[in-house]
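These are the residues of each chain, in order.
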Amino acid sequence: MFESPPTRWIDEWRAMLRLAAPLVGASLLQMAVFAVDVIFVARLGPAALAASALAVSIFGLLIWSLSGLVGAASPLIAAEIGARRHAVREVRRTVRMTGWAGVIAGVGAMGVCLLGGPMMRATGQSEQVIALAVPFLNVLMWASIPAVLASLLRTVVSTLGRPYIGTAINGLAVGVNALGNYTFVFGKFGAPALGLTGSALSSVVTSVFMLGAYCLVIRTDRRLRRYRFAGRWWRPDWTRFVDVLRIGLPITATIIAEAGMFNGAAFLMGRIGEVELAAHTVALQFAAFTFQVPFGVSQAATIRVGLAYGARDNAAITRSGQVAVVLCVGFMAAMAALMLFFPNLILAAYVDPADPANARLVSLATQYMVVAAAFQIFDGAQAVGAALLRGLQDTRVPMGIALFGYWIPGIGTALYLGIATPLQGLGVWIGLAVGLIVVAALLLWRWHGRARLGLLPP
(Lines give C-alpha, C1' and ligand atoms only; values in the text may rest on other atoms or scores of the structure.)
Protein backbone atom coordinates (compact mmCIF):
# COMPACT_ATOMS: atom_id res chain seq x y z
CA MET A 1 0.00 0.00 0.00
CA PHE A 2 2.80 2.41 0.85
CA GLU A 3 5.25 1.26 -1.81
CA SER A 4 6.04 3.37 -4.83
CA PRO A 5 3.25 3.37 -7.43
CA PRO A 6 3.42 0.24 -9.63
CA THR A 7 5.11 0.64 -12.99
CA ARG A 8 3.44 -2.41 -14.54
CA TRP A 9 -0.21 -2.99 -15.34
CA ILE A 10 -0.24 -6.39 -13.63
CA ASP A 11 1.04 -4.80 -10.42
CA GLU A 12 -1.73 -2.19 -10.56
CA TRP A 13 -4.34 -4.91 -11.03
CA ARG A 14 -3.02 -6.76 -8.00
CA ALA A 15 -2.91 -3.62 -5.87
CA MET A 16 -6.44 -2.60 -6.88
CA LEU A 17 -7.93 -6.04 -6.26
CA ARG A 18 -6.11 -6.40 -2.93
CA LEU A 19 -7.64 -3.13 -1.77
CA ALA A 20 -11.06 -3.46 -3.42
CA ALA A 21 -11.93 -7.00 -2.32
CA PRO A 22 -12.25 -6.26 1.43
CA LEU A 23 -14.02 -2.98 0.69
CA VAL A 24 -16.62 -4.82 -1.42
CA GLY A 25 -17.01 -7.36 1.38
CA ALA A 26 -17.52 -4.59 3.93
CA SER A 27 -20.22 -2.98 1.75
CA LEU A 28 -22.09 -6.26 1.34
CA LEU A 29 -21.92 -6.92 5.07
CA GLN A 30 -23.25 -3.41 5.75
CA MET A 31 -26.29 -4.34 3.68
CA ALA A 32 -26.63 -7.45 5.82
CA VAL A 33 -26.65 -5.30 8.98
CA PHE A 34 -29.69 -3.42 7.64
CA ALA A 35 -31.32 -6.66 6.43
CA VAL A 36 -31.26 -8.02 10.00
CA ASP A 37 -33.52 -5.17 11.12
CA VAL A 38 -36.03 -5.97 8.37
CA ILE A 39 -36.10 -9.66 9.31
CA PHE A 40 -36.96 -8.96 12.94
CA VAL A 41 -39.31 -6.01 12.37
CA ALA A 42 -41.29 -7.96 9.74
CA ARG A 43 -42.43 -10.28 12.55
CA LEU A 44 -44.17 -7.35 14.23
CA GLY A 45 -46.59 -6.88 11.32
CA PRO A 46 -46.95 -4.77 8.17
CA ALA A 47 -47.62 -1.49 10.03
CA ALA A 48 -44.39 -1.81 12.02
CA LEU A 49 -42.48 -2.75 8.87
CA ALA A 50 -43.86 0.27 7.00
CA ALA A 51 -43.02 2.57 9.93
CA SER A 52 -39.44 1.30 10.15
CA ALA A 53 -39.03 1.61 6.37
CA LEU A 54 -40.09 5.27 6.52
CA ALA A 55 -37.83 6.09 9.45
CA VAL A 56 -34.86 4.21 8.02
CA SER A 57 -35.29 5.93 4.65
CA ILE A 58 -34.79 9.29 6.39
CA PHE A 59 -31.99 8.13 8.69
CA GLY A 60 -30.28 6.07 5.99
CA LEU A 61 -30.15 8.98 3.55
CA LEU A 62 -28.67 11.22 6.25
CA ILE A 63 -25.95 8.75 7.23
CA TRP A 64 -25.16 7.80 3.64
CA SER A 65 -24.76 11.45 2.67
CA LEU A 66 -22.64 12.20 5.74
CA SER A 67 -20.43 9.23 4.92
CA GLY A 68 -19.63 11.24 1.79
CA LEU A 69 -18.64 14.21 3.94
CA VAL A 70 -16.21 12.21 6.08
CA GLY A 71 -15.13 10.33 2.97
CA ALA A 72 -13.18 13.48 2.11
CA ALA A 73 -10.52 12.04 4.40
CA SER A 74 -9.65 9.39 1.81
CA PRO A 75 -8.26 11.54 -1.03
CA LEU A 76 -6.61 13.93 1.45
CA ILE A 77 -4.83 11.16 3.36
CA ALA A 78 -3.91 9.27 0.17
CA ALA A 79 -2.35 12.41 -1.32
CA GLU A 80 -0.30 12.99 1.85
CA ILE A 81 0.91 9.39 1.88
CA GLY A 82 1.70 9.51 -1.83
CA ALA A 83 3.66 12.74 -1.42
CA ARG A 84 5.57 11.64 1.67
CA ARG A 85 5.67 8.14 3.09
CA HIS A 86 5.80 9.15 6.78
CA ALA A 87 3.12 11.86 6.73
CA VAL A 88 2.01 11.16 10.30
CA ARG A 89 1.26 14.74 11.32
CA GLU A 90 -0.67 15.56 8.14
CA VAL A 91 -2.77 12.41 8.38
CA ARG A 92 -3.58 13.15 12.02
CA ARG A 93 -4.67 16.70 11.11
CA THR A 94 -6.98 15.36 8.43
CA VAL A 95 -8.57 12.77 10.71
CA ARG A 96 -9.04 15.30 13.52
CA MET A 97 -10.71 17.94 11.35
CA THR A 98 -12.83 15.40 9.49
CA GLY A 99 -13.95 14.10 12.87
CA TRP A 100 -14.97 17.63 13.86
CA ALA A 101 -16.99 17.94 10.63
CA GLY A 102 -18.57 14.54 11.22
CA VAL A 103 -19.66 15.34 14.79
CA ILE A 104 -21.12 18.72 13.78
CA ALA A 105 -22.96 17.13 10.86
CA GLY A 106 -24.13 14.27 13.09
CA VAL A 107 -25.75 16.78 15.46
CA GLY A 108 -27.45 18.33 12.44
CA ALA A 109 -28.69 14.90 11.36
CA MET A 110 -30.24 14.40 14.79
CA GLY A 111 -32.08 17.70 14.37
CA VAL A 112 -33.46 16.53 11.02
CA CYS A 113 -34.63 13.29 12.64
CA LEU A 114 -36.60 15.31 15.19
CA LEU A 115 -38.53 16.78 12.24
CA GLY A 116 -39.43 13.30 11.00
CA GLY A 117 -43.12 13.60 11.90
CA PRO A 118 -43.79 16.78 9.88
CA MET A 119 -41.74 15.39 6.99
CA MET A 120 -43.81 12.21 6.88
CA ARG A 121 -47.08 14.15 7.05
CA ALA A 122 -45.92 16.40 4.22
CA THR A 123 -45.53 13.32 2.01
CA GLY A 124 -49.02 12.06 2.85
CA GLN A 125 -48.19 9.09 5.09
CA SER A 126 -50.92 7.60 7.28
CA GLU A 127 -51.17 8.74 10.89
CA GLN A 128 -51.08 5.12 12.07
CA VAL A 129 -47.68 4.58 10.46
CA ILE A 130 -46.39 7.99 11.60
CA ALA A 131 -47.38 7.21 15.20
CA LEU A 132 -45.08 4.17 15.07
CA ALA A 133 -42.30 5.72 12.99
CA VAL A 134 -41.68 8.86 15.07
CA PRO A 135 -40.74 7.10 18.36
CA PHE A 136 -38.61 4.68 16.32
CA LEU A 137 -36.77 7.57 14.65
CA ASN A 138 -36.36 9.43 17.96
CA VAL A 139 -34.36 6.48 19.28
CA LEU A 140 -32.55 5.73 16.02
CA MET A 141 -31.20 9.28 15.78
CA TRP A 142 -28.79 8.59 18.66
CA ALA A 143 -26.87 6.35 16.27
CA SER A 144 -26.03 9.36 14.07
CA ILE A 145 -22.72 10.46 15.56
CA PRO A 146 -21.26 7.00 16.25
CA ALA A 147 -22.32 5.84 12.77
CA VAL A 148 -20.65 8.83 11.07
CA LEU A 149 -17.46 8.47 13.13
CA ALA A 150 -17.35 4.73 12.43
CA SER A 151 -17.64 5.52 8.73
CA LEU A 152 -14.75 7.95 9.05
CA LEU A 153 -12.53 5.41 10.80
CA ARG A 154 -13.40 2.76 8.21
CA THR A 155 -12.25 5.18 5.52
CA VAL A 156 -9.08 6.02 7.43
CA VAL A 157 -7.94 2.46 8.14
CA SER A 158 -8.67 1.44 4.55
CA THR A 159 -6.65 4.34 3.14
CA LEU A 160 -3.79 3.48 5.51
CA GLY A 161 -3.54 -0.07 4.19
CA ARG A 162 -5.88 -1.99 6.51
CA PRO A 163 -9.08 -2.42 4.43
CA TYR A 164 -9.88 -5.86 5.89
CA ILE A 165 -10.54 -4.25 9.29
CA GLY A 166 -13.81 -2.79 8.00
CA THR A 167 -14.84 -6.17 6.60
CA ALA A 168 -14.20 -7.90 9.93
CA ILE A 169 -15.99 -5.24 12.00
CA ASN A 170 -19.02 -5.19 9.69
CA GLY A 171 -19.16 -8.98 9.91
CA LEU A 172 -19.21 -8.79 13.70
CA ALA A 173 -21.81 -6.01 13.50
CA VAL A 174 -24.23 -8.35 11.73
CA GLY A 175 -24.10 -10.67 14.74
CA VAL A 176 -24.34 -7.81 17.26
CA ASN A 177 -27.39 -6.37 15.51
CA ALA A 178 -29.08 -9.78 15.32
CA LEU A 179 -28.48 -10.35 19.03
CA GLY A 180 -29.64 -6.82 19.85
CA ASN A 181 -32.86 -7.20 17.87
CA TYR A 182 -33.55 -10.58 19.47
CA THR A 183 -32.94 -9.11 22.93
CA PHE A 184 -34.75 -5.78 22.71
CA VAL A 185 -37.56 -6.51 20.23
CA PHE A 186 -38.79 -9.67 21.93
CA GLY A 187 -37.54 -9.06 25.49
CA LYS A 188 -34.96 -11.82 25.90
CA PHE A 189 -32.19 -12.24 28.50
CA GLY A 190 -34.18 -10.24 31.05
CA ALA A 191 -34.60 -7.16 28.86
CA PRO A 192 -38.07 -5.63 28.36
CA ALA A 193 -39.90 -6.40 25.09
CA LEU A 194 -39.71 -3.02 23.33
CA GLY A 195 -41.09 -4.11 19.96
CA LEU A 196 -40.31 -1.68 17.14
CA THR A 197 -38.40 0.70 19.43
CA GLY A 198 -36.20 -2.23 20.44
CA SER A 199 -34.98 -2.57 16.86
CA ALA A 200 -33.97 1.11 16.85
CA LEU A 201 -32.15 0.61 20.16
CA SER A 202 -30.32 -2.36 18.64
CA SER A 203 -29.15 -0.14 15.78
CA VAL A 204 -27.79 2.40 18.27
CA VAL A 205 -25.95 -0.34 20.18
CA THR A 206 -24.54 -1.71 16.91
CA SER A 207 -23.26 1.71 15.83
CA VAL A 208 -21.58 2.27 19.20
CA PHE A 209 -20.07 -1.23 18.99
CA MET A 210 -18.63 -0.50 15.54
CA LEU A 211 -17.10 2.78 16.67
CA GLY A 212 -15.63 1.12 19.76
CA ALA A 213 -14.25 -1.75 17.67
CA TYR A 214 -12.45 0.66 15.33
CA CYS A 215 -10.98 2.54 18.29
CA LEU A 216 -9.78 -0.73 19.85
CA VAL A 217 -8.19 -1.96 16.63
CA ILE A 218 -6.48 1.37 16.00
CA ARG A 219 -5.11 1.34 19.56
CA THR A 220 -3.73 -2.20 19.22
CA ASP A 221 -2.42 -2.08 15.64
CA ARG A 222 1.20 -0.93 15.59
CA ARG A 223 1.03 0.84 12.23
CA LEU A 224 -2.20 2.65 13.03
CA ARG A 225 -1.37 3.46 16.67
CA ARG A 226 1.59 5.62 15.70
CA TYR A 227 -0.74 8.21 14.13
CA ARG A 228 -2.30 9.02 17.55
CA PHE A 229 -5.56 10.14 15.95
CA ALA A 230 -7.04 11.35 19.24
CA GLY A 231 -3.99 13.46 20.09
CA ARG A 232 -4.99 17.08 20.82
CA TRP A 233 -8.45 16.38 19.40
CA TRP A 234 -9.64 19.77 20.74
CA ARG A 235 -7.08 21.74 18.72
CA PRO A 236 -8.55 23.37 15.58
CA ASP A 237 -6.82 23.44 12.21
CA TRP A 238 -9.04 25.68 10.15
CA THR A 239 -7.08 25.33 6.93
CA ARG A 240 -7.53 21.56 6.95
CA PHE A 241 -11.15 21.93 8.11
CA VAL A 242 -11.85 24.06 5.03
CA ASP A 243 -10.13 21.41 2.86
CA VAL A 244 -12.45 18.76 4.32
CA LEU A 245 -15.54 20.85 3.62
CA ARG A 246 -14.29 21.81 0.15
CA ILE A 247 -14.04 18.16 -0.87
CA GLY A 248 -16.67 16.58 1.40
CA LEU A 249 -19.70 18.86 1.00
CA PRO A 250 -19.91 18.38 -2.78
CA ILE A 251 -19.70 14.60 -2.25
CA THR A 252 -22.60 14.87 0.20
CA ALA A 253 -24.64 16.88 -2.32
CA THR A 254 -23.84 14.34 -5.06
CA ILE A 255 -25.10 11.47 -2.90
CA ILE A 256 -28.29 13.36 -2.05
CA ALA A 257 -28.87 14.11 -5.75
CA GLU A 258 -28.58 10.45 -6.74
CA ALA A 259 -30.61 9.18 -3.79
CA GLY A 260 -33.20 11.85 -4.49
CA MET A 261 -33.65 10.57 -8.03
CA PHE A 262 -34.27 7.01 -6.83
CA ASN A 263 -36.52 8.12 -3.96
CA GLY A 264 -38.46 10.31 -6.36
CA ALA A 265 -38.89 7.33 -8.66
CA ALA A 266 -40.36 5.33 -5.76
CA PHE A 267 -42.93 8.07 -5.09
CA LEU A 268 -43.82 8.14 -8.80
CA MET A 269 -44.30 4.37 -8.75
CA GLY A 270 -46.55 4.71 -5.70
CA ARG A 271 -48.75 7.12 -7.66
CA ILE A 272 -48.98 4.72 -10.60
CA GLY A 273 -50.01 1.70 -8.53
CA GLU A 274 -49.18 -0.66 -5.65
CA VAL A 275 -48.18 -3.58 -7.89
CA GLU A 276 -45.91 -1.29 -9.89
CA LEU A 277 -44.27 -0.08 -6.69
CA ALA A 278 -43.77 -3.66 -5.47
CA ALA A 279 -42.24 -4.70 -8.81
CA HIS A 280 -40.02 -1.62 -8.73
CA THR A 281 -38.82 -2.49 -5.22
CA VAL A 282 -37.98 -6.08 -6.16
CA ALA A 283 -36.06 -5.10 -9.31
CA LEU A 284 -34.23 -2.33 -7.49
CA GLN A 285 -33.18 -4.63 -4.64
CA PHE A 286 -31.04 -6.74 -6.95
CA ALA A 287 -29.62 -3.64 -8.65
CA ALA A 288 -28.68 -2.26 -5.21
CA PHE A 289 -27.01 -5.56 -4.32
CA THR A 290 -24.86 -5.67 -7.47
CA PHE A 291 -23.95 -2.00 -7.03
CA GLN A 292 -21.96 -2.87 -3.90
CA VAL A 293 -19.15 -4.23 -6.07
CA PRO A 294 -18.49 -1.06 -8.09
CA PHE A 295 -19.08 0.93 -4.89
CA GLY A 296 -16.25 -0.96 -3.16
CA VAL A 297 -14.02 -0.74 -6.23
CA SER A 298 -14.70 3.00 -6.47
CA GLN A 299 -13.52 3.48 -2.87
CA ALA A 300 -10.32 1.64 -3.77
CA ALA A 301 -10.00 3.75 -6.93
CA THR A 302 -10.14 6.99 -4.94
CA ILE A 303 -7.31 5.73 -2.73
CA ARG A 304 -5.16 4.45 -5.60
CA VAL A 305 -5.57 7.64 -7.64
CA GLY A 306 -5.03 9.75 -4.51
CA LEU A 307 -1.71 8.01 -3.80
CA ALA A 308 -0.55 8.61 -7.37
CA TYR A 309 -1.81 12.21 -7.22
CA GLY A 310 0.24 12.86 -4.09
CA ALA A 311 3.29 11.25 -5.71
CA ARG A 312 2.74 13.47 -8.81
CA ASP A 313 2.83 10.33 -10.98
CA ASN A 314 0.50 10.96 -13.92
CA ALA A 315 1.23 7.58 -15.49
CA ALA A 316 0.15 5.83 -12.29
CA ILE A 317 -3.02 7.96 -12.20
CA THR A 318 -3.84 6.71 -15.70
CA ARG A 319 -3.16 3.07 -14.81
CA SER A 320 -5.29 3.21 -11.66
CA GLY A 321 -8.15 4.84 -13.51
CA GLN A 322 -8.18 2.41 -16.41
CA VAL A 323 -8.01 -0.64 -14.14
CA ALA A 324 -10.89 0.68 -12.01
CA VAL A 325 -13.08 1.44 -15.04
CA VAL A 326 -12.50 -2.01 -16.55
CA LEU A 327 -13.27 -3.69 -13.21
CA CYS A 328 -16.50 -1.78 -12.56
CA VAL A 329 -17.90 -1.76 -16.08
CA GLY A 330 -16.88 -5.36 -16.72
CA PHE A 331 -18.59 -6.65 -13.57
CA MET A 332 -21.75 -4.66 -14.21
CA ALA A 333 -21.87 -5.89 -17.81
CA ALA A 334 -21.84 -9.46 -16.47
CA MET A 335 -24.67 -8.60 -14.05
CA ALA A 336 -26.61 -6.99 -16.90
CA ALA A 337 -26.36 -10.22 -18.87
CA LEU A 338 -27.66 -12.15 -15.86
CA MET A 339 -30.66 -9.81 -15.56
CA LEU A 340 -31.42 -10.09 -19.28
CA PHE A 341 -31.18 -13.85 -19.66
CA PHE A 342 -32.16 -15.18 -16.21
CA PRO A 343 -34.69 -12.74 -14.72
CA ASN A 344 -36.85 -15.45 -13.11
CA LEU A 345 -33.82 -16.87 -11.32
CA ILE A 346 -33.27 -13.48 -9.70
CA LEU A 347 -36.94 -12.85 -8.95
CA ALA A 348 -37.23 -16.24 -7.24
CA ALA A 349 -35.15 -14.85 -4.38
CA TYR A 350 -37.97 -12.41 -3.59
CA VAL A 351 -41.25 -13.91 -4.88
CA ASP A 352 -42.51 -17.17 -6.39
CA PRO A 353 -42.59 -16.58 -10.18
CA ALA A 354 -44.75 -19.68 -10.67
CA ASP A 355 -47.54 -18.43 -8.39
CA PRO A 356 -50.41 -17.03 -10.53
CA ALA A 357 -51.04 -14.41 -7.84
CA ASN A 358 -47.63 -12.92 -8.63
CA ALA A 359 -48.08 -12.94 -12.41
CA ARG A 360 -48.50 -9.20 -12.88
CA LEU A 361 -45.75 -8.34 -10.41
CA VAL A 362 -43.33 -10.75 -12.15
CA SER A 363 -44.28 -9.40 -15.59
CA LEU A 364 -43.63 -5.80 -14.54
CA ALA A 365 -40.43 -6.63 -12.65
CA THR A 366 -39.11 -8.48 -15.70
CA GLN A 367 -39.74 -5.41 -17.87
CA TYR A 368 -38.01 -3.17 -15.36
CA MET A 369 -35.03 -5.50 -15.19
CA VAL A 370 -34.51 -5.20 -18.94
CA VAL A 371 -34.01 -1.46 -18.46
CA ALA A 372 -32.01 -2.09 -15.27
CA ALA A 373 -29.68 -4.34 -17.28
CA ALA A 374 -28.94 -1.37 -19.51
CA PHE A 375 -28.35 1.09 -16.70
CA GLN A 376 -26.26 -1.37 -14.64
CA ILE A 377 -23.27 -0.61 -16.84
CA PHE A 378 -23.76 3.15 -16.57
CA ASP A 379 -24.38 2.91 -12.82
CA GLY A 380 -20.96 1.30 -12.43
CA ALA A 381 -19.43 3.86 -14.78
CA GLN A 382 -20.80 6.87 -12.89
CA ALA A 383 -19.67 5.42 -9.55
CA VAL A 384 -16.10 4.88 -10.71
CA GLY A 385 -16.02 8.17 -12.65
CA ALA A 386 -16.93 10.18 -9.55
CA ALA A 387 -14.44 8.19 -7.44
CA LEU A 388 -11.54 8.77 -9.83
CA LEU A 389 -12.19 12.51 -9.84
CA ARG A 390 -12.34 12.47 -6.01
CA GLY A 391 -8.86 10.98 -6.04
CA LEU A 392 -7.82 14.14 -7.88
CA GLN A 393 -9.68 16.16 -5.19
CA ASP A 394 -12.15 17.30 -7.86
CA THR A 395 -15.66 17.23 -6.39
CA ARG A 396 -17.45 20.51 -7.12
CA VAL A 397 -17.95 20.10 -10.87
CA PRO A 398 -18.94 16.41 -10.43
CA MET A 399 -21.55 17.65 -7.93
CA GLY A 400 -22.96 19.98 -10.60
CA ILE A 401 -22.98 17.13 -13.11
CA ALA A 402 -24.92 14.94 -10.66
CA LEU A 403 -27.45 17.64 -9.80
CA PHE A 404 -28.06 18.34 -13.48
CA GLY A 405 -28.02 14.77 -14.80
CA TYR A 406 -30.14 13.12 -12.13
CA TRP A 407 -32.75 15.85 -11.81
CA ILE A 408 -33.15 17.38 -15.29
CA PRO A 409 -32.87 14.57 -17.86
CA GLY A 410 -33.32 11.82 -15.21
CA ILE A 411 -36.36 12.82 -13.18
CA GLY A 412 -37.63 14.93 -16.06
CA THR A 413 -37.81 11.90 -18.36
CA ALA A 414 -39.29 9.74 -15.60
CA LEU A 415 -42.03 12.29 -14.92
CA TYR A 416 -42.95 12.67 -18.58
CA LEU A 417 -42.86 9.00 -19.57
CA GLY A 418 -44.30 7.74 -16.28
CA ILE A 419 -47.21 10.17 -15.97
CA ALA A 420 -47.95 11.50 -19.46
CA THR A 421 -47.51 8.31 -21.55
CA PRO A 422 -48.82 4.74 -21.42
CA LEU A 423 -45.34 3.49 -20.46
CA GLN A 424 -46.04 4.32 -16.78
CA GLY A 425 -43.63 2.30 -14.59
CA LEU A 426 -41.44 1.33 -17.52
CA GLY A 427 -41.16 5.03 -18.37
CA VAL A 428 -39.97 5.77 -14.83
CA TRP A 429 -37.20 3.19 -15.21
CA ILE A 430 -36.22 4.65 -18.58
CA GLY A 431 -35.89 7.99 -16.79
CA LEU A 432 -33.57 6.42 -14.20
CA ALA A 433 -31.46 4.99 -17.02
CA VAL A 434 -31.30 8.36 -18.80
CA GLY A 435 -30.09 10.09 -15.62
CA LEU A 436 -27.36 7.51 -15.04
CA ILE A 437 -26.24 7.58 -18.69
CA VAL A 438 -25.93 11.37 -18.73
CA VAL A 439 -24.01 11.51 -15.43
CA ALA A 440 -21.70 8.63 -16.37
CA ALA A 441 -20.91 10.14 -19.77
CA LEU A 442 -20.13 13.59 -18.35
CA LEU A 443 -18.01 12.27 -15.45
CA LEU A 444 -15.93 10.00 -17.69
CA TRP A 445 -15.58 12.81 -20.22
CA ARG A 446 -14.16 15.00 -17.44
CA TRP A 447 -11.83 12.22 -16.31
CA HIS A 448 -10.65 11.71 -19.90
CA GLY A 449 -9.91 15.45 -20.20
CA ARG A 450 -8.18 15.71 -16.80
CA ALA A 451 -4.91 17.02 -18.26
CA ARG A 452 -6.60 19.62 -20.45
CA LEU A 453 -8.79 20.76 -17.54
CA GLY A 454 -5.81 21.22 -15.22
CA LEU A 455 -6.81 18.49 -12.76
CA LEU A 456 -3.45 16.73 -12.69
CA PRO A 457 -0.69 17.64 -10.21
CA PRO A 458 1.89 20.10 -11.56
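The structure we're discussing is the one just above.
Residues numbered from 1 in each chain as written. Predicted model: local features only at pLDDT ≥ 70, side-chain atom pairs only at ≥ 80, totals over all residues. Heavy atoms only, no water.

With that settled, the discussion passes to the overall build of the chain. Looking only at helices and strands, the chain has 17 helices and zero strands in total. At 22 Å, the chain has a C-alpha radius of gyration in line with the 23 Å of a compact globule built from 458 residues. For the chain, the spread of C-alpha atoms along the principal axes amounts to about 60 × 55 × 35 Å. Of the contacts made within the chain by residues no fewer than 6 positions apart, 82% connect residues no fewer than 24 positions apart. (Helix = DSSP H or I, 4+ residues; strand = E, 2+ residues; numbered from the N terminus. Rg over C-alpha atoms; globule rule 2.2 N^0.38 Å. Contact = heavy atoms within 4.5 Å.)

Let us look at the layout of surface pockets. Taken as a whole, the second largest pocket spans an internal volume of roughly 530 Å³. Elements that contribute at least two residues to the lining of the second largest pocket include exactly helix 4 (88-114), helix 7 (144-159), helix 9 (196-220) and helix 10 (222-225). (1 Å grid on protein atoms, 1.4 Å probe; cavity = no way out; pocket = protein on both sides within 12 Å on 5 of 7 lines; lining within 4 Å. Points joined across faces, edges and corners; volume = space filled by probe spheres on them.)

With that settled, the discussion passes to a nonpolar patch on the surface. A cluster of nonpolar side chains, Leu-340, Phe-341, Phe-342, Leu-345 and Val-370, forms an exposed patch at the surface whose accessible area comes to about 550 Å². With respect to the helices and strands, Leu-345 occurs in helix 14 (residues 343-347). Judged by its relative accessible area of 61%, Leu-345 falls in the exposed class. (Patch = residues over 30% accessible without salt bridge, like charges linked within 9 Å, V, L, I, M, F, W, Y side chains within 5 Å. Areas by Shrake-Rupley, 256 points an atom, 1.4 Å probe, with all protein chains shown as cover. Salt bridge = Lys/Arg side-chain N within 4 Å of Asp/Glu carboxyl O. Buried < 20%, exposed > 50% of the residue type's maximum accessible area, 1.4 Å probe, protein only.)

Right, let's talk about the side chain of Asn-170 for a bit. Considering the arrangement of structural elements, one finds Asn-170 in helix 8 (residues 164-186). Taking the relative accessible area as the measure of exposure, Asn-170 reaches 0% and is therefore buried.

On inspection of all chains with the given rule, the structure shows 10 salt bridges. For Arg-240, the salt bridge is made with Asp-243, and the minimal N-O distance between the two is 3.6 Å. Taken together, the residues span about one helical turn, with Arg-240 and Asp-243 both in helix 11 (residues 238-272) at a distance of three residues. With respect to class, Arg-240 is no different from Asp-243; both count as buried. Counted as one network, the salt bridges with shared partners bring together Glu-80, Arg-240, Asp-243 and Arg-246.

This paragraph deals with the packing of helix 1 (residues 9-41) against helix 12 (residues 274-310). The geometry of helix 1 relative to helix 12 is characterised by a closest axis approach of 7 Å and an angle of 135° between their N-to-C directions. When the interaxial angle is binned, helix 1 and helix 12 end up oblique. Note that helix 1 runs across helix 12; the crossing there is right-handed. Here Glu-12, Ala-15, Met-16, Leu-19, Ala-20, Leu-23, Val-24, Ser-27, Leu-28 and Met-31 of helix 1 come into contact with helix 12, specifically with Ala-288, Phe-289, Gln-292, Val-293, Phe-295, Gly-296, Val-297, Gln-299, Ala-300, Ala-301, Ile-303 and Arg-304. Partitioning the contact of helix 1 with helix 12 into residue classes produces 16 nonpolar, four polar and two charged. (Axes fitted to C-alpha atoms, helices over the stretch in contact; angles between N-to-C directions. Parallel < 35°, antiparallel > 145°, perpendicular 65-115°, else oblique. Left-handed = near helix turned anticlockwise from the far one by under 90°. Nonpolar A, V, L, I, M, F, W, Y, C, P; charged D, E, K, R; others polar.)

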